[in-house]
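Each chain, written out:
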Amino acid sequence: MNFFKRFEVESETEATRWINDDIKPIEAGRRTWTFWTYHNLWVLVNSNISTYLTGSSLIALGLTWWQAIISIVVGNLLATLFVVLNSVPGAYYHLGFPVVNRYVWGMYGSAFVIWNRILLSLVWYGFQAWVGGECLYVCLLALSPSLEKHIPNHMPESTGMTTAQFVAYILFMIISLPVIYIRPHKLKKFFYYSSANILIFELVLLIWALATMGPAGFGDTISSTPASKSSTTGWLIAYGIISTIGGIAAGILNQNDYARFASKPSAAIMGQICSFPVYGILCSIIGILVTAATQNRFGEALWNLPDIFTTLIENGGSRERAAGFFAGAALVISQIGVNVPGNALSGGFDLSATFPKYINIRRGAYLTAVLSIAVNPWKLVNTATTFLAVLGSYSVFLGPMVGLMISSYFVVNKRRINVDDLFVGNKDSIYWFTWGVDWRAIVAWVCGTAPSMPGFIASVQTDITVPIGLTHLYYICFLVGFAIAAAVYCTLHFIFPAHAQKEFVNACGSPSQIIREYQDKWDGEGSDSVEDDMNKDGAARTRVVDF
């Protein structure tokens with residue numbers, strides 16, 4: 001016991017199976033994120049290479065450039081709606097994603113959703129880190145065009161990478177570690193610098209591509225001739241919309257983890273509304289324009305940004321090498337900016353909630369980074385069509401989860417949450433339901449997932465055929481799963497209510513009154529730790545072990 005005790009995290013709040021300082025309601029001293037913090041966060045999350053590749057995925061599917069843009073615009077507008085709705089509990093009650101799901105799935109049942117999100121964090125961290133390694137590879141290649149000779153390749157051809165590329169990936173992982181160390185409520189400055197970096201880069205990239213396009217103009221990437229039959233175009237556009245949502249579905253799911261740091265609710269809500277759709281749409285459109293503008297120059301459509309600059313370096317002189325180095329450096333900063341808050345911290349939040357006595361956010365984030373290597377990110381998403389299939393598949397499972405969270409907060413709980421009971425792991429909690437699990441959520445999630453499963457299986461196993469109607473359901477899986485899961489969940493709670501929960505909702509005061517009451521209580525309990533954390537000389541902070 002003494003051996004394990006030395007690894008316990010120290011906490012102002014007594015750490016138990018259900019709580020530590022990192023998963024309790026965020027007190028006033030750590031609610032530091034303003035409108036501009038959320039604006040800059042979404043600049044980073046929606047202005048990266050994954051978003052840039054969205055256009056290639058949709059055009060590879062068979063859409064024209066303007067059909068792809070329609071899918072991108074509609075998808076981002078719908079995603080914004082889901083992001084805002086699902087962040088409201090965090091913005092008002094200052095609760096994170098793992099804790100919010102306790103009133104949805106039950107105290108123990110929430111583990112199902114949390115472990116799903118941990119898996120997604122590992123996969124996405126690995127993928128984004130590999131892309132970051134490709135960007136760092138561009139920098140190394142600019143410094144040494146003979147990089148592949150200096151670092152001989154010992155990797156099997158089946159891996160799809162060289163030793164030099166793997167070294168760049170490991171270096172990117174190492175460079176990211178200091179940023180992971182920063183506590184979430186102190187990330188504001190990093191967000192400012194990194195978001196300004198990527199915005200300037202994308203503007204310069206677009207100007208360069210258009211200014212140097214030449215008399216040949218755009219390549220056939222921008223074509224008005226559809227690659228698919230007119231009878232299927234509508235469903236392909238719908239598929240493109242859902243795939244656009246799928247690209248950020250994991251982020252939609254855990255928005256409360258970020259909204260809880262809001263200095264006031266409007267900072268999170270307006271910050272998301274004003275930034276999320278704008279940068280998601282712009283980055284995707286820039287990807288289409290830059291690819292089309294450079295297609296005739298390179299002789300083919302180069303969608304992946306590192307490929308563009310690698311080609312320039314290999315076929316140019318010192319100017320191209322200098323441009324490639326600075327472009328690669330800007331992309332490295334961008335990838336760190338999306339990967340650390342979007343994936344490392346997400347994993348940290350969830351692991352901290354799963355093992356609160358032994359893991360805090362920082363430890364969890366480092367674990368996420370290390371364990372992500374196991375997903376073999378170099379084998380993920382090698383083609384545009386595979387990338388699209390992966391995004392779509394996430395929506396099958398995440399759409400119903402988001403539907404449960406939003407319907408639980410607004411319909412079942414009517415925005416009235418007993419915050420104290422979210423940290424009580426026995427029958428005294430109104431969210432204990434049946435042995436710590438709300439069976440209604442399980443049934444609703446299965447009902448929301450089932451209709452899209454045949455189409456999902458057929459998309460993975462191409463030798464399997466299913467009726468066209470089931471394929472079309474899969475094309476709109478996020479919306480179908482969201483609607484069915486929400487409807488079934490609310491219906492079951494109406495027919496078979498959880499009596500303790502229902503009594504609280506009906507007997508307590510207005511939502512604003514409850515929010516104010518719990519906020520005052522938890523702010524008071526965290527006042528000592530807040531003062532210590534905000535102590536500039538760091539003397540008082542030494543009592544708490546952050547790592």
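Refer to the structure presented above.
Residues numbered from 1 in each chain as written. Predicted model: local features only at pLDDT ≥ 70, side-chain atom pairs only at ≥ 80, totals over all residues. Heavy atoms only, no water.

Draft legend 1. Up close: the overall build of the chain. For the chain, the helix and strand inventory stands at 26 helices and zero strands. Here the chain has a C-alpha radius of gyration of 24 Å; the compact-globule value for 547 residues is 24 Å, and the two agree. The C-alpha extent of the chain, read off along each of the three principal axes, is 70 × 60 × 40 Å. Expressed as a percentage of the 547 residues in the chain, the buried residues total 58%. Taking as baseline every contact in the chain between residues at least 6 positions apart, the subset at least 24 positions apart corresponds to 84%. The distance from the centre of the 34 positive side-chain charges to the centre of the 34 negative ones in the chain is 2 Å. (Helix = DSSP H or I, 4+ residues; strand = E, 2+ residues; numbered from the N terminus. Rg over C-alpha atoms; globule rule 2.2 N^0.38 Å. Buried < 20%, exposed > 50% of the residue type's maximum accessible area, 1.4 Å probe, protein only. Contact = heavy atoms within 4.5 Å. Lys, Arg positive; Asp, Glu negative; His and termini not counted. Charge placed at Lys NZ, Arg CZ, Asp CG, Glu CD.)

Draft legend 2. Fine view of the environment of Ile430. Examined against the element boundaries, Ile430 turns out to sit in the loop between α19 (384–412) and α20 (439–449). Separated by 69 residues in sequence, Ile430 and His499 have C-alpha atoms that sit 8.4 Å apart. Each residue touching Ile430, except ones within four places of it in the same chain, is listed here: Asn418, Asp421, Ala500, Gln501 and Phe504.

Draft legend 3. Representation of the side chain of Arg30. Mapped onto the secondary structure, Arg30 falls in the loop between α1 (2–5) and α2 (35–46). In this structure the side chain of Arg30 is engaged in a polar contact, spanning 2.8 Å, whose partner is the backbone oxygen of Asp21. (Polar contact = N/O pair within 3.5 Å; in protein donor to acceptor, adjacent residues only side chain to side chain.)

Draft legend 4. Fine view of the packing of aromatic side chains. Scanning all chains against the criterion turns up 34 aromatic pairs. Ring centres of Trp33 and Phe191 lie 5.5 Å apart, and the angle between their planes is 80°; this geometry places the pair in the edge-to-face category. Of this pair, Trp33 sits in the loop between α1 and α2 while Phe191 sits in helix α11 (residues 188–211), and the two are 158 residues apart along the sequence. Residue classification places Trp33 among the buried positions, given a relative accessible area of 1%. What makes Phe191 buried here is its relative accessible area of 0%. Note on Phe325 and Phe326: the rings are 5.5 Å apart at their centroids and 80° apart in plane angle, and the pair reads as edge-to-face. With relative accessibility at 28%, the residue Phe325 sits in the partly exposed group. Take Phe326: its relative accessible area is 59%, and that puts it in the exposed class. Grouped by ring-pair contacts, the aromatic residues Trp33, Tyr38, Phe190, Phe191, Tyr258, Phe261 and Phe349 constitute a single cluster. Its end group placed over the ring of Trp18, Arg17 keeps NZ or CZ at 4.4 Å from the ring centre. (Phe/Tyr/Trp six-rings, centres within 6.5 Å; stacked < 30°, edge-to-face > 60°. Lys NZ or Arg CZ within 6 Å of the ring centre and 35° of its normal.)

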